[in-house]
Amino acid sequence: MNTVGRPTAPNQVQTKPATLTGGRGLLQNEALIFEGDGWGKTGVDLPEPKTDGSDLGDLVRKDPIGLPGLSEPETMRHYVRLSQKNHAIDLAIYPLGSCTMKHNPRLNEKMARLPGFSDIHPLQPISTVQGALELMDTLAHWLKTLTGMPAVALSPKAGAHGELCGLMAIRAAHEASGQHEKRRKVLVPTSAHGTNPATAAFVGYSVVEVAQTEDGRVDVADLAAKLGDDVAAIMVTNPNTCGLFERDILEISRLTHEAGAYFYCDGANFNAIVGRVRPGDLGVDAMHINLHKTFSTPHGGGGPGAGPVVLSEALAPFAPAPWVVHDDGGYRLIEREEDEAEQAFGRLCAFQGQMGMYTRALSYMMSHGADGLRQVAEDAVLNANYIKARLGDLMSAAFPDGPCMHEALFDDEWLKGTDITTLDFAKAMIDEGFHPMTMYFPLVVHGAMLIEPTETESKAELDRFIEAMRALAEAAKAGDVDRFKGAPFHAPLKRLDETRAARSPVLRWTAPEGSNKAA
Ligand SMILES: *Cc1c(COP(=O)(O)O)cnc(C)c1O
């Protein structure tokens, strides 16, 4: 049974008269806040300041400040209207593969807002932040236990920052053993996330690509041929960005270590194996964990994220400061070389990292417990396989043989001959009320559609999504090209030039010529 409301034919939609105001169905269209008529008024009633400004000398403002004045209801409405234009995980599934957008339990938010965690300052006396340090120490304990690794650097603020941390530790280790000069290469598989080669290049290495096999895994023979005493590290994602477990991972780490290189694992997909596999048992030397992916804390829109890096025995001495230790005197931070951090490669941020993210992640871990975290991985994998199985007859799975891990990957083979592209299909999903999946990534799959449901979607939600996808796939196959080419019909804005928006963003509003609205 189709649970999705029968879609209206797009030509029908197009012939409907445009509204007079640009608003639609209780959603109002409005100009930018700077383009309104709030100039010269104010929403607050403050007494006239008593000073005559003479204390400030020449620094007294001569022009109007250039901010629109709004009343409280106007302000609230402005921001609520803006929020209606946005999609959110609290509205529907966010099926972006490789990004792991899962529900963030409200309990996490409540914990993160406890004053003892949220109202503290990084320079407060250590005796007054013992609870916060204990939380960091407990989080570190969970991360080390779940990964089977002896050390963790908590401070990196994103996955990419974690990669930087890991590669800097690797470089420091090669420097310490006098091998840095000859080990100038980092091997990265073709399916890697773009941050992997970018990080390696940023740290000064040259990037060498490793081929992929027909079944979407690292080509071990190619890797073996490229390993040598000029290689500093390999960077492998496991499960990889095709949503597949690297079956030869033990052989990969054995070959890497035999060549004197380190194994950096991109742990962005740790949510697929947490509680089931310990990366330490696979021979990993360094791995970042995106707390904002695996452990539920929110992300998107620029963060804040957190990308702690677990380190092997060999790399632990080079971990960046600071870290938490405790003894009879309580908890304290190791911050400087003279505080037992002789080999630390330095530090990655001014203070201790993202306290709010640490709190949310630990809240998520403790409310699930060890058994619950294992179930997270199992349910995430089950949900992805359900999607793969239920769409596999209409859409072409990129790697049809065998199950996937936490994400289902399709290519655009099934759209051949329809004149509809992956992008068109994604835009039509918006009309049906669904945020598109990740498109055109990984690059090794033509017209890739990467769908990650995560464990937080129920069967009912998955069925809603699947029914919409099936209805669209059938429309595509039936030659209903207009529905796709013109999509989205129902979004406030149509197809944007996303490349231009990313490359030359307009971040500042400037007053139109001749206007007195000084910005
Ligand atoms: C998300 C992701 C990253 C980068 O993590 P950020 O937190 O976005 O910096 C790296 N690798 C993979 C596979 C990812 O999915």
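Residues numbered from 1 in each chain as written. Predicted model: local features only at pLDDT ≥ 70, side-chain atom pairs only at ≥ 80, totals over all residues. Heavy atoms only, no water.

A. Local environment of the domain arrangement of the protein chain. Looking at the assigned domains, one finds that the protein chain contains domain 1 (108-365) and domain 2 (370-493). Centre-to-centre, using C-alpha coordinates, domain 1 lies 30 Å away from domain 2. Where domain 1 abuts domain 2, roughly 1800 Å² becomes buried across the two surfaces, and 65% of that area is made up of carbon and sulfur atoms. Seen at the junction of domain 1 and domain 2, the total is one salt bridge. Here Arg276 and Glu378 are joined by a salt bridge, their closest N and O atoms 2.8 Å apart. Considered class by class, the residues forming the side of domain 1 that touches domain 2 number 13 nonpolar, 11 polar and three charged. (Domains from an automatic or database assignment. Buried area = accessible area lost by both parts, 1.4 Å probe. Salt bridge = Lys/Arg side-chain N within 4 Å of Asp/Glu carboxyl O. Nonpolar A, V, L, I, M, F, W, Y, C, P; charged D, E, K, R; others polar.)

B. View of the site of the ligand. Inspection of the region around the ligand gives 13 residues, with Ser98, Gly159, Asp266, His292 and Lys293 positioned closest. For the ligand, an oxygen atom lies 2.8 Å from a polar atom in the backbone of Ala160. Between the ligand and the protein, one listed contact pairs a nitrogen atom with a side-chain N or O atom of Asp266 at 2.5 Å. Out of a free accessible area of 380 Å², the ligand has 87% covered by protein chains. Among the secondary structure elements, those contributing two or more residues to the shell around the ligand are helix 6 (159-176) and helix 10 (291-294). (Near = heavy atom within 4 Å. Polar contact = N/O pair within 3.5 Å; in protein donor to acceptor, adjacent residues only side chain to side chain. Areas by Shrake-Rupley, 256 points an atom, 1.4 Å probe, with all protein chains shown as cover. Helix = DSSP H or I, 4+ residues; strand = E, 2+ residues; numbered from the N terminus.)

C. View of the sheet that holds strand 6 (residues 286-288). With mixed pairing, the seven strands of this open sheet are ordered in space as 1-7-6-5-4-2-3. Among the strands making up the open sheet, the edge pair consists of strand 1 (151-153) and strand 3 (206-210). Each strand axis lies, on average, 25° off the axis of its neighbour in the sheet, ignoring direction. Two elements, strand 2 (residues 185-189) and strand 3, share five bridges in a ladder whose sense is parallel. (Pairing = 2+ DSSP bridges. Axes fitted to C-alpha atoms, helices over the stretch in contact; angles between N-to-C directions.)

D. Representation of the environment of Lys144. By the element assignment, Lys144 lies in helix 5 (residues 130-147). C-alpha of Lys144 to C-alpha of Asp230: the two residues are 86 residues apart in sequence and 30 Å apart in space. Leaving out residues up to four positions away in the same chain, Lys144 has contacts with Met149, Pro150, Ala151 and Val152. (Contact = heavy atoms within 4.5 Å.)

E. Highlighting the UniProt feature "domain: Glycine dehydrogenase C-terminal" (unreviewed entry) in the protein chain. Within this structure's numbering, the places UniProt gives as "domain: Glycine dehydrogenase C-terminal" (unreviewed entry) are residues 378-476. Here residues 378-476 is 42% helix and 8% strand, with 33 Å between the C-alpha atoms at its ends. (UniProt positions renumbered as here; feature names shortened; annotations may be inferred.)

F. Looking closely at the confidence of the model for the protein chain. For the protein chain, the mean per-residue pLDDT works out to 92, and 95% of the residues sit at or above 70. In the predicted structure, residues 1-13 sits below a pLDDT of 50 and forms 21 contacts with residues beyond four places in sequence or in another chain. (pLDDT = per-residue confidence, 0-100.)

G. Quick look at helix 9 (residues 249-258). For helix 9, every residue scored as buried is listed here: Ile249, Ile252, Ser253, Leu255 and Thr256. All buried residues of helix 9 lie within an arc of 160° about the axis, which places them on one face of the element. Of the residues in helix 9, the exposed ones pointing more than 90 degrees away from the buried face are Leu250 and Glu258. Residues of helix 9 that are buried in the fold lie against helix 8 (220-226), strand 4 (231-237) and strand 5 (262-266). (Buried < 20%, exposed > 50% of the residue type's maximum accessible area, 1.4 Å probe, protein only. Arc of directions from axis to C-beta.)

H. The arrangement of the pairing of strand 2 in detail. The element strand 2 is largely enclosed, with a buried count of four among its five residues. The parallel pair strand 2 and strand 3, bridged by helix 7 (residues 195-202), forms a crossover whose chirality is right-handed. Here strand 2 runs beside strand 4; their pairing, made up of three bridges, is parallel. Looking across to strand 4, one finds that Val186 is bridged to Ala233. (Right-handed = clockwise from strand over helix to strand, strands pointing away.)

I. Structural view of the side chain of Asp137. Examined against the element boundaries, Asp137 turns out to sit in helix 5. Discounting chain neighbours no more than four positions away, the residues touching Asp137 are Val324, His326 and Tyr331.

J. Just the packing of aromatic side chains, in detail. The full count for this structure, using the stated rule, is five aromatic pairs. Ring centres of Phe295 and Tyr364 lie 6.3 Å apart, and the angle between their planes is 70°; on these two criteria the pair is classed as edge-to-face. In this pair, Phe295 is assigned in the loop between helix 10 and strand 7 (309-311) and Tyr364 in helix 11 (residues 355-391), connecting sequence segments 69 residues apart. You'll find Phe295 and Tyr364 in the same group, each marked buried. An angle of 10° between the planes, with centres 6.0 Å apart, marks the rings of Phe425 and Phe484 as stacked. In this pair, Phe425 is assigned in helix 12 (residues 422-431) and Phe484 in helix 14 (residues 481-485), connecting sequence segments 59 residues apart. Each member of the pair, Phe425 together with Phe484, is buried. (Phe/Tyr/Trp six-rings, centres within 6.5 Å; stacked < 30°, edge-to-face > 60°.)

K. Layout of helix 6. An ideal rise of 1.5 Å per residue puts 26 Å on 18 residues; helix 6 measures up with 26 Å between its terminal C-alpha atoms. Among the residues of helix 6, those classed as buried are Gly159, Gly162, Glu163, Leu164, Cys165, Gly166, Leu167, Ala169, Ile170, Ala172, Ala173 and His174. Note on helix 6: the residue one or two positions beyond its end, Gly178, has a positive phi of about 75°. (Expected span 1.5 Å × (residues − 1).)

L. How the structure looks around the nonpolar core. Formed by 56 residues in total, the largest nonpolar core has its most connected members in Leu139, Leu143, Leu291, Phe295, Met365 and Leu373. Secondary-structure elements contributing two or more residues to this core are helix 5, helix 8, strand 4, helix 9, strand 5, strand 9 (330-334) and helix 11. Among the elements that line this core, the one with the most residues is helix 11, at 11 residues. The contact partners of Leu143, leaving out residues within four places of it in the chain, are Val152, Leu154, Ile289, Leu291, Phe295, Pro308, Val310 and Met365. Within the second largest apolar cluster, 32 residues are counted, among which are Cys404, Ile420, Leu472 and Ala487. (Core = buried A, V, L, I, M, F, W, Y, C linked by side-chain atoms within 4.5 Å.)

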